[in-house]
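Listed below, chain by chain, are the residues.
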Amino acid sequence: MNLFNSFIIKTVPHLPKWFTKPFAKPYVAGETTEEALKNVAKLNQNGFKATLDILGEHVISSSFAKNITSQYCNLYQRISDEKLNCTISVKPSHIGLNISYSEALENMELISKKAKDLDNFLRIDMESSDLTDQTFKLLNECKYITKNIGVAIQAYLFRSLEDINTLADSDFNARICKGIYKEDSSVAFSDRSDIKNNFMSMAKSMVKKGSFAGYATHDQELIDELLNWIQTEKIPKEQFEFQTLYGVPMNGRLENLINEGYTVRIYVPFGPDWFDYSIRRLKENPDIAKYVLKNFFRNE
Ligand SMILES: Cc1cc2nc3c(=O)[nH]c(=O)nc-3n(C[C@H](O)[C@H](O)[C@H](O)COP(=O)(O)OP(=O)(O)OC[C@H]3O[C@@H](n4cnc5c(N)ncnc54)[C@H](O)[C@@H]3O)c2cc1C
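Numbering of residues starts from 1 in each chain and follows the order in which that chain's sequence is written. The predicted nature of this model means local features are confined to residues of pLDDT at least 70 and side-chain atom pairs, given and counted, to a pLDDT of 80 or more, with totals for whole chains, interfaces and linings taken over all residues. Excluded from the side-chain calculation are hydrogens and water; included are all heavy atoms of the structure.

For every residue, the accessible area (1.4 Å probe, protein chains only) is compared with the maximum for its type, and the residue is labelled buried under 20%, exposed over 50%, or partly exposed between those bounds. Put simply, DSSP H or I for four residues or longer makes a helix, DSSP E for two residues or longer makes a strand, and each gets a number counted from the N terminus. In terms of residue burial, strand E1 (residues 49-54) counts as a mostly covered element, since five of its six residues are buried. Here, any two strands with at least 2 DSSP bridges between them count as paired. Summarising the sheet, E1 and strand E8 (residues 264-270) pair through six bridges and their orientation is parallel. For threonine 51, the partnering residue across the bridge sits in E8 and is tyrosine 267. Across three bridges, the pairing between E1 and strand E2 (residues 86-90) is parallel. In the sheet register, leucine 52 faces E2, and the bridge partner there is isoleucine 88.

The eight strands lie next to each other as E1-E2-E3-E4-E5-E6-E7-E8, forming a closed barrel whose pairing is parallel. Pairwise comparison of adjacent strand axes, ignoring direction, gives a mean angle of 30° for this sheet. Sheet analysis places strand E4 (residues 149-154) next to strand E5 (residues 173-177), joined by four bridges and oriented parallel. Bridge pairing in E5 places glutamine 154 opposite cysteine 177. In what follows, residue pairs with any heavy atoms lying within 4.5 Å of each other are defined as contacts. Between N-to-C directions, angles cover 0 to 180 degrees, with each direction set by a line fitted to C-alpha atoms, over the stretch in contact for helices. Sheet strands touched by helix H5 (residues 101-117): E2, strand E3 (122-124) and E4. Its angle to E3, the strand with the most contacts, is close to 150°. Against the sheet, helix H6 (residues 132-142) engages E3 and E4, with an angle of about 160° to E4.

With that settled, the discussion passes to the side chain of asparagine 198. As for its placement among the helices and strands, asparagine 198 is situated in helix H8 (residues 192-208). Judged by its relative accessible area of 8%, asparagine 198 falls in the buried class. Ignoring anything within four residues of it in the chain, the contact list for asparagine 198 reads Ala155, Leu157, Leu161 and Phe189.

By definition, pLDDT measures how confident the predictor is in each residue, and it falls between 0 and 100. Of all residues in the protein chain, 87% have pLDDT values of 70 or greater, and the mean over the chain is 91. Segment residues 295-300: pLDDT under 50, and four contacts once partners within four positions in sequence are set aside and those in other chains are kept.

To continue, consider H5. An α-helical segment advances 3.6 residues per turn. Residues three or four places apart therefore align on the same side. An expected span of 1.5 Å times one less than the residue number is assigned to each helix. With 17 residues, H5 extends 24 Å from end C-alpha to end C-alpha; this agrees with the ideal 24 Å at 1.5 Å per step. For H5, the full list of buried residues reads Tyr101, Glu103, Ala104, Leu105, Asn107, Met108, Ile111, Ser112 and Ala115. Where H5 is buried, its residues contact helix H4 (62-81), E2, E3, H6 and E4. A positive backbone phi angle near 55° is found at aspartate 119, which sits one or two residues after H5.

Taken N-terminus to C-terminus, the directions of H5 and H6 make an angle of 40°; their axes are 10 Å apart at the nearest point. Here H5 lies oblique to H6, going by the angle between them. Seen from above, H5 lies across H6 with right-handed handedness. Residues Tyr101, Ala104, Leu105, Met108, Glu109 and Ser112 of H5 form the contact with H6, whose own contacting residues are Gln134, Lys137, Leu138, Glu141 and Cys142. Oblique is the label for any angle not under 35 degrees, not over 145, and not in the 65 to 115 range, which are roughly parallel, roughly antiparallel and roughly perpendicular in turn. Throughout, a crossing is termed right-handed when the near helix is turned clockwise from the far one, and left-handed when it is turned anticlockwise from it by less than a right angle.

Put simply, a salt bridge is a Lys or Arg side-chain nitrogen that is within 4 Å of an Asp or Glu carboxyl oxygen. One pass over the full model with this rule turns up 13 salt bridges. Among the ionic pairs, aspartate 125 bridges to arginine 175, the shortest N-O distance being 2.8 Å. Residue aspartate 125 is found in the loop between E3 and H6, and its partner arginine 175 is found in strand E5; the two are separated by 50 residues along the sequence. Side by side, aspartate 125 and arginine 175 carry an identical accessibility label, which is buried. Residue lysine 147 pairs with aspartate 171 through a salt bridge whose shortest N-O separation is 3.4 Å. Here the residue lysine 147 occupies a position in the loop between H6 and E4, and aspartate 171 occupies one in the loop between helix H7 (160-167) and E5, the gap between them amounting to 24 residues. Its relative accessible area of 61% is what places lysine 147 among the exposed residues. Taking the relative accessible area as the measure of exposure, aspartate 171 reaches 36% and is therefore partly exposed.

Written as structure tokens, this is what we have:
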């Protein structure tokens, strides 16, 4: 990592929020629902599907978890009213999983009912491995409410291929991602090529089971490998889509995928809790700071 990047990573988290806001801007689609929906409309106009996420996690207050739950239900209503091509992604710990399983279930059921009523899809994000079993349990219980629901599965976890073998069938819908949390070497691969190989094995296994997969990655080599396999094996386009995070620079790759007839969905995080999320993104790709600084005066 060059000196400028390591300086940015060390410094930005300690600066006042007003100063860090320009660094956050590329990754967060606004603080309010209005701003987020406007950005989703723009993405839709450019051929992208979207999934909205209200930023935040590890809620320890029941009333706050309830409040987030009703914000998600309202969001489904707004998506429907404004005819946007957009689903919703929810972190279980944001709606109470750190308080209790039953609280998270009650809230996830409310969100699932709203998704069903409005004929939309619900994605359950996957968090750290201590929550994996409970997250699958939430998925399986909410499947009684709507079949239009899916989860995320992390390629860095040793268990994930087996989870697919157990869970996947023609109704199963999972986002495959590498995984973003710090995990112990007893449960997760740390070697990049092991993670990539597991990602590919998971993608192949899901196709065999007739499931739908979202390939969530910005790794251009992995996208090449996926495309190579998709084209060689003639994998039907109805069985997968590509997914990336809002604001991560992809150098025209996503537009190319759309032009080639593939579906691309952008994960669009928003909300007042933008700070921690943006700092994580910046640490993953400090190069973004250069773009931000270049545009600093134009943006603000
Ligand atoms: C749509 C979507 C949903 C996700 N959902 C989950 C989830 O539910 N649970 C979970 O654990 N993880 C989730 N992730 C995160 C994922 O697990 C990875 O940690 C993250 O995407 C980095 O892996 P990568 O495959 O992009 O490859 P990498 O090899 O890590 O990255 C490839 C290149 O892309 C750039 N890049 C990658 N990620 C970012 C970023 N976030 N910000 C800026 N630049 C970046 C870097 O410059 C890097 O060189 C999700 C990712 C995406 C795209």
